[in-house]
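# Architecture and fold: a report
Chain by chain, the residues:
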Amino acid sequence: MAVHLIVTSEEDSYLAVARHISDLLNEGQARTALAETPGSKFTQDSEAALAEGRFGDLLNLLVPHFDVLFQKTTGSDLECCVNVISHLVPRLPPHQVRSAAKQVADALTATVDEQAQQRLGGLTELYNVADDAKTQHMLLQQAIAYATKANLANLLGPVIKNRIEEWIKDWRLSPADSRDLYLDTAALLRTNKRRKTAAKDAYKLTLRCLSTFDDSSPEDIASVKDTAAQAVSEFIRSPDLFQFDLFESPTITQLKGDSEHGHLYQLLEIILNGNLAGYRSFDKSKLENTTEEDVQTKVRLTALMTLGTRSTHELKFAEVQQALGLGSDSEVEAWVVRAIGKRLLEGRINQLKQTVTITKCAHRTFAAAQWQELKQQLAAWKDNVRQVEQLINQQIQESDSSNGITKGLVNGPAAVWA
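From a predicted model like this one, the values you see are computed outputs, not experimental measurements.

### A few points about the sheet that holds strand β1 (residues 314-316)
Read across the open sheet, the three strands follow the order β1-β3-β2; overall the sheet is antiparallel. Unpaired on one side and paired on the other, β1 and β2 (345-350) mark the two borders of the sheet. Direction aside, the axes of adjacent strands within the sheet are offset by 25° on average. As judged from the three bridges shared by β1 and strand β3 (residues 355-361), these two strands associate in the antiparallel manner. Across the sheet, residue E314 finds its bridge partner in β3, namely T357. This element, helix α18 (residues 317-324), spans β1, β2 and β3 of the sheet and lies at about 70° to β1.

And the structure:
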């Protein structure tokens, strides 16, 4: 079979796209040898702009016809046309690139239609050909907004989630831009109903955003009150979240006593303290998008975690029964097994002694007190290592000394006989 190689240039690609659009514009038009059609005029203008190196003018001719392309072209042909137009952007002078990229991006995201996935693909290609951080950041924000609107989080969400910290660092984003990126990505992930971990990932990004406000002004902190309330609400509703590290953050404490969100802070405090009595007296009419039983389950598990983080880790069944409001030993065992299954703690049950020995337990929050505890534990570990090192050195010295004595006893007489 013969293989023919045809050498083409970018200019050939631009002309091919222009002529394809020309054909689309001419559809349904009466053609004569002398009559000028919309397509023929478009081709002439495109060829002239390309011949004279006026890439900005060529882009201005092509972009307004994106709607025609997306309506009448599909599959790889559409993808090819969009990619070729995107590659025009870096051909422009550097000071025009960002505005040109925005022009193309605006055209791609103008509508959500059956070709939405192809439009998002065009944005991705446009991002790939951009070579400066500000342009890439702008295009990423537009891609996130469009994917959210078009319900395409399953395509874009996982990629952004895994690279968001890298982008913030590499692009040297300001705190304000970083927070917007966190929250926009979280909003995108919340629309992803196909991925089981999407809601949890969104929650984590929201907390990451809120954690950047610790040294901010009261006005800035107040600006994220609704976002903080959303994070608390998601924590309360989730059956898999049991640690809330921002409990002492000013973004969260501002909810205490708030007329609109104060009940969320009250319930968060009850859950983190494992306060079953407090939950029983809580106004259940204020529960949002969850059930009394689900919240009670969460409170009981955090109550068990509270017991597990005490200095002594052997618990009597009676202690667990009282803290969790249980009625029998079998219920104690069931709740301990449940906590172990959720990886909230590690331990073993002794049915004969009616005790639960906790060997490891997760913290419900990790704030200043927990950091101080960790610091003390590391200091104690360091002292233990130092003591072991001293003991080993002492044993080595004693061994060397003993070997020297033995050697003298063995070799001494031999030296005399020699």
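There's plenty left to go through after this.
### Topic: the pairing of β2
For β2 and β3, the ladder comprises six bridges, and the chain directions are antiparallel. Residue pairing across strands places I349 opposite V356, the latter belonging to β3. Count of turn residues in the β2/β3 antiparallel hairpin: four residues, of which Q354 carries a positive phi of about 55°.

### Focus: the pattern of salt bridges
The final tally for this structure, using the stated rule, is 15 salt bridges. A salt bridge links R208 to E165, with the nearest nitrogen and oxygen atoms 3.5 Å apart. Residue R208 is found in helix α11 (residues 198-210), and its partner E165 is found in helix α9 (residues 153-170); the two are separated by 43 residues along the sequence. With a relative accessible area of 36%, R208 lands in the partly exposed category. The class of E165 is partly exposed, set by a relative accessible area of 38%.

### Focus: the packing of helix α6 (residues 94-108) against helix α8 (residues 133-149)
In the contact formed by α6 and α8, the axes pass within 10 Å of each other and the chain directions differ by 10°. Relative to α8, the element α6 lies roughly parallel. Packed against α6, whose contacting residues are R98, A101, K102, A105, D106 and L108, the element α8 presents K134, T135, M138, L139, Q142 and Y146 at the interface. Its residues placed into classes, the contact of α6 with α8 shows six nonpolar, two polar and four charged.

### Thoughts on the packing of aromatic side chains
Tallied over the full model, the rule gives seven aromatic pairs. Taking 6.4 Å as the distance between ring centres and 75° as the angle between the ring planes, the aromatic pair formed by Y127 and W167 counts as edge-to-face. Linking Y127 in helix α7 (residues 116-129) with W167 in helix α9, this pair joins segments that are 40 residues apart in sequence. An identical accessibility class is assigned to Y127 and W167; each is buried. Between the aromatic rings of W167 and W171, the centroid separation amounts to 5.6 Å while the plane-to-plane angle is 15°, which identifies the pairing as stacked. Here the two residues W167 and W171 agree in accessibility, since each one is buried. Put simply, the rings of Y127, W167 and W171 touch in pairs and so form one group of aromatic residues. Positioned above the aromatic ring of Y279 is the side chain of K284, whose terminal nitrogen or guanidinium carbon lies 4.6 Å from the ring centre. Of note, K298 hangs over the ring of F242, and the distance from its end group to the ring centre comes to 5.3 Å.

Parameters at a glance
Throughout this description, residue numbers start from 1 for each chain and increase along the sequence as written. Whole-chain, interface and lining totals are the exception, using all residues; otherwise, since this is a predicted model, local features are given only for residues with pLDDT of at least 70 and side-chain atom pairs are given and counted only at 80 or more. Only heavy atoms go into the side-chain values, all of them from the structure, while hydrogens and water stay out. A pair of strands counts as paired when DSSP detects no fewer than two bridges linking them. Helix numbering and strand numbering both begin at the N terminus, where a helix is a DSSP run of H or I of at least 4 residues and a strand a DSSP run of E of at least 2. Helix axes use the C-alpha atoms of the stretch in contact, all axes being lines fitted to C-alpha atoms, and the angles between their N-to-C directions lie in the range 0 to 180 degrees. Any two residues whose heavy atoms approach within 4.5 Å are treated as being in contact. Whenever a carboxyl oxygen of Asp or Glu lies within 4 Å of a side-chain nitrogen of Lys or Arg, that contact is scored as a salt bridge. With a 1.4 Å probe rolled over the protein chains alone, any residue whose accessible area is under 20% of its type maximum counts as buried; one over 50% counts as exposed, and the rest are partly exposed. Each angle receives one of four descriptions, namely roughly parallel if under 35 degrees, roughly antiparallel if over 145, roughly perpendicular if within 65 to 115, and oblique otherwise. Residue polarity is assigned by list, with Asp, Glu, Lys and Arg as charged and Ala, Val, Leu, Ile, Met, Phe, Trp, Tyr, Cys and Pro as nonpolar; anything else, Gly included, falls into the polar class. In summary, the pairing rule links any two rings of Phe, Tyr or Trp, Trp by its six-membered ring, whose centres are within 6.5 Å, and it sorts them by plane angle into stacked for under 30 degrees, edge-to-face for over 60 and tilted for everything else. Any Lys NZ or Arg CZ found within 6 Å of a ring centre and within 35 degrees of that ring's normal is scored as a charge over the ring.

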